[in-house]
Amino acid sequence: ENRVVATQLLGSLAPVVSAELCCQFVLPEVISLADDPVFRVRKVAALKLGGLTAAVGAELAQARLLSVYEALAADEIWGVRKACVESLPEVANALPVDVRAERLVPLLRSLYEDGSRWVRICACQALGPFLAALPSDAISPELLSLFTQLAAPANPARADAADSDIAYFCAFYLPGVAQAVGASRWPELAEAFRTLTTNMQWKVRRTLSCAMHELASILGSELTESELVPTFDYFLKDLDEVKVGVVASIAPFLRALSPEARHKYLGAIVEMRAETDNWRFRHTLALQLADIGPLFPREAAVESLVPLALDLATDSVAEVRIAAMAKVGALLASLFADEPRPLADASPLAAFLRMVCNMASSASCHRRANCVQICTSLVADLPPQLTREHLLAELATLAEDRVPNVRLLVARLTKELLLPSAELASHPLVARMAEALRADSDRDVLLAIHEPGFEPAPYRAKPPPPPRQPAAAERPASLLGLEHPVSSGGFEVFDADAESDPSGGGDTQDPVLAATSGQGAAIGSVFSTSLEELHPPPTDSLTAADGDAVEDRQKPWLVASAMARLDVGVRPDGTRPPSLGSIAVAPQAAAATEGDTVAEGEAGGGGAEGR
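The rules behind each value
- Residues numbered from 1 in each chain as written.
- Predicted model: local features only at pLDDT ≥ 70, side-chain atom pairs only at ≥ 80, totals over all residues.
- Heavy atoms only, no water.
- Helix = DSSP H or I, 4+ residues; strand = E, 2+ residues; numbered from the N terminus.
- Buried < 20%, exposed > 50% of the residue type's maximum accessible area, 1.4 Å probe, protein only.
- Contact = heavy atoms within 4.5 Å.
- Areas by Shrake-Rupley, 256 points an atom, 1.4 Å probe, with all protein chains shown as cover.
- pLDDT = per-residue confidence, 0-100.
- Phe/Tyr/Trp six-rings, centres within 6.5 Å; stacked < 30°, edge-to-face > 60°.
- Lys NZ or Arg CZ within 6 Å of the ring centre and 35° of its normal.
- Expected span 1.5 Å × (residues − 1).
- Bend = angle between axes of the 7 residues up to and from the residue.
- Axes fitted to C-alpha atoms, helices over the stretch in contact; angles between N-to-C directions.
- Parallel < 35°, antiparallel > 145°, perpendicular 65-115°, else oblique.
- Nonpolar A, V, L, I, M, F, W, Y, C, P; charged D, E, K, R; others polar.
- Salt bridge = Lys/Arg side-chain N within 4 Å of Asp/Glu carboxyl O.

Q: Outline the overall build of the chain, supporting the account with residue identities and numerical values.
A: In terms of regular secondary structure, the chain is built from 33 helices and two strands. Looking at the chain as a whole, 43% of its 611 residues qualify as buried. Taking as baseline every contact in the chain between residues at least 6 positions apart, the subset at least 24 positions apart corresponds to 68%. With an accessible surface of roughly 31100 Å², the chain has 53% of that area assigned to carbon and sulfur atoms.

Q: Please provide a residue-by-residue account of the confidence of the model for the chain, values included.
A: Looking at the chain, the pLDDT average stands at 80 and 74% of residues meet or exceed 70. Note on residues 477-570: pLDDT under 50 across the span, and 126 contacts to partners over four residues away in sequence or across chains. Note on residues 579-611: pLDDT under 50 across the span, and 53 contacts to partners over four residues away in sequence or across chains.

Q: With reference to specific residues and values, describe the side chain of Arg262.
A: Within the fold, Arg262 resides in helix α17 (residues 259-262). Ignoring any residue separated from it by four or fewer positions in sequence, one finds Arg262 in contact with Leu254, Arg255, Leu257, Leu295 and Phe296.

Q: Please provide a residue-by-residue account of the packing of aromatic side chains, values included.
A: Applying the stated criterion to the full structure yields seven aromatic pairs. Relative to Tyr173, the ring of Phe172 lies with its centre 5.0 Å away and its plane at 80°, an arrangement referred to as edge-to-face. Of the residues examined, Phe172 reaches a relative accessible area of 47% and is grouped as partly exposed. Judged by centre distance (5.8 Å) and plane angle (45°), the rings of Tyr234 and Phe235 are tilted. An aromatic cluster of at least three residues, connected via ring pairs, comprises Tyr168, Phe169, Phe172 and Tyr173. Across from the ring centre of Tyr168, 5.6 Å away, lies the NZ or CZ of Lys203, which sits over that ring.

Q: How would you summarise helix α14 (residues 212-236) if you had to cite specific residues and measurements?
A: The end-to-end C-alpha distance of α14, which contains 25 residues, comes to just 12 Å, noticeably less than the 36 Å that a straight helix rising 1.5 Å per residue would cover. Residue Gly220 marks the point of greatest curvature in α14, where the axis turns by about 125°.

Q: Residue-level account of the packing of helix α13 (residues 202-210) against helix α15 (residues 240-248), with values.
A: Two measures define how a pair of helices packs: the angle their axes make with one another and the distance between the axes. The contact between α13 and α15 brings their axes to 7 Å, and the two run at 10°. Compared by their axis directions, α13 and α15 come out roughly parallel. Across the interface between the two elements, Trp202, Arg205, Arg206, Ser209 and Cys210 of α13 pack against Glu241, Val242, Val244, Gly245 and Val246 of α15. Here the residues of the contact of α13 with α15 are counted per class, giving five nonpolar, two polar and three charged.

Q: Could you give an account of the pattern of salt bridges, with specific residues and numbers?
A: Any two side chains of opposite charge can pair, given that their charged atoms come close. Tallied over the entire structure, the rule returns 18 salt bridges. In this structure, a network of salt bridges that share partners links the residues Glu191, Arg194 and Glu227.

Here it is as structure tokens:
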């Protein structure tokens, strides 16, 4: 285990330390560990030989490491041989070209026909990068056919490795092999290319779609139009996962075509925005606007691409807008480089600038912010004369916009593009904009317009209003259902045993809770009707001459129950009213009569104690 770790560390140090230290310390140790009796140590040494050969140089690698590598490639353990195949491309790139052809090609052939299934699969995967490292004259037709066979489903090397993604590796390294052999030998690769374009796995087709522009630059215009254009059109109608590859490289691919062949794709480019809801396609197109414009005639590009650029610059997705607004200026600069000055009112460029300026008066702050961002791209790429004549007036208005984010964008534009420009900094509108922005009330705007190191005053919060102090004796009127608040001290409590009834009823009269104010007198009438059915009085122990007397006797009980539920609280003098169990409530004066007495026999002895 220690030797395995030591081999890994030495191999990782080789590209980091100097060539002198590597040759003095790392190289002898790795050569010794490559002959270790434990196969795991030899396996790690085989994996690290690729980086070591690049670190020590071609001459020393050929003299001391090539023989070690060949010995490991013939090891009796298949895991060691597989590690040699994995490091073969790195070793090939570090050795001279003649050595690659003379000694490594036979070595690869033997590993391609190895008895281990895993070694054969790894050799198929390493064949593409190995061929890409060879010169064209060193790649024989037989060796190239080994690579093209990887694309065929009936390839024997793939028969026992259906899940090894051999076709994917073939598609991935096809452009590198095509570059190594050149356009003259494309017929040897064409059949493999057509087979890969119809592969059932979309990731194989996507790999080719992402490499179409590279193949076009290798093959040239004539071969591209005859061999690649049909496949390019097919990928444009494929799944989104495949289509994204050709859309992302549409500008360099069209550049490889003749002007007549590329003209038919102008309509397809415009239609891509409406063909799918996938915003990533619109984002990819927006990134290439400046590169696509010069590929087409000026009139056709102005008619199709300029409206497309404006649509993308006002897209609903922020990433699309940002990408498009950054390219609008470069697109217009390439299309209207020869436009006479001053612009005529009927000029397409003047019409575009008017549409941008109209956005400055939009009711939406997002549209006004888009206007500033588009103007930023236009100021950066168009001549200063167009900025003075068409853009400064609207920008000066937006410098005083009511939305801070709009003013922030104007501040950045002013500081980064307008003030550094010798032709624009002295303009009165620019000076007015800078002055207004330097006196802005927003901290972010101030930081954007001033130089680094400026610290604006901090925001000051408004002092909170003083808390309202309600009167201690007031209760909310909503709790009682009354028009005016009720004083908590508006009731007088009488002791049931210590004081007699002032109406002359003697000790047989119930004690009363007399209302000392008009508001207190109203409570009995309010709650006697609202709570009478919910809280019936204990009438089983009472007798009366008629039903009216009993009804009058119920109301004082209801008043007491309602007062207990109100929880009046502390009186103004600091005392609390007694609880419901310790007070007795008297009937109101209007309801009390001399005949309202309770039979002594039923009351249990008469007087206060009986009751």
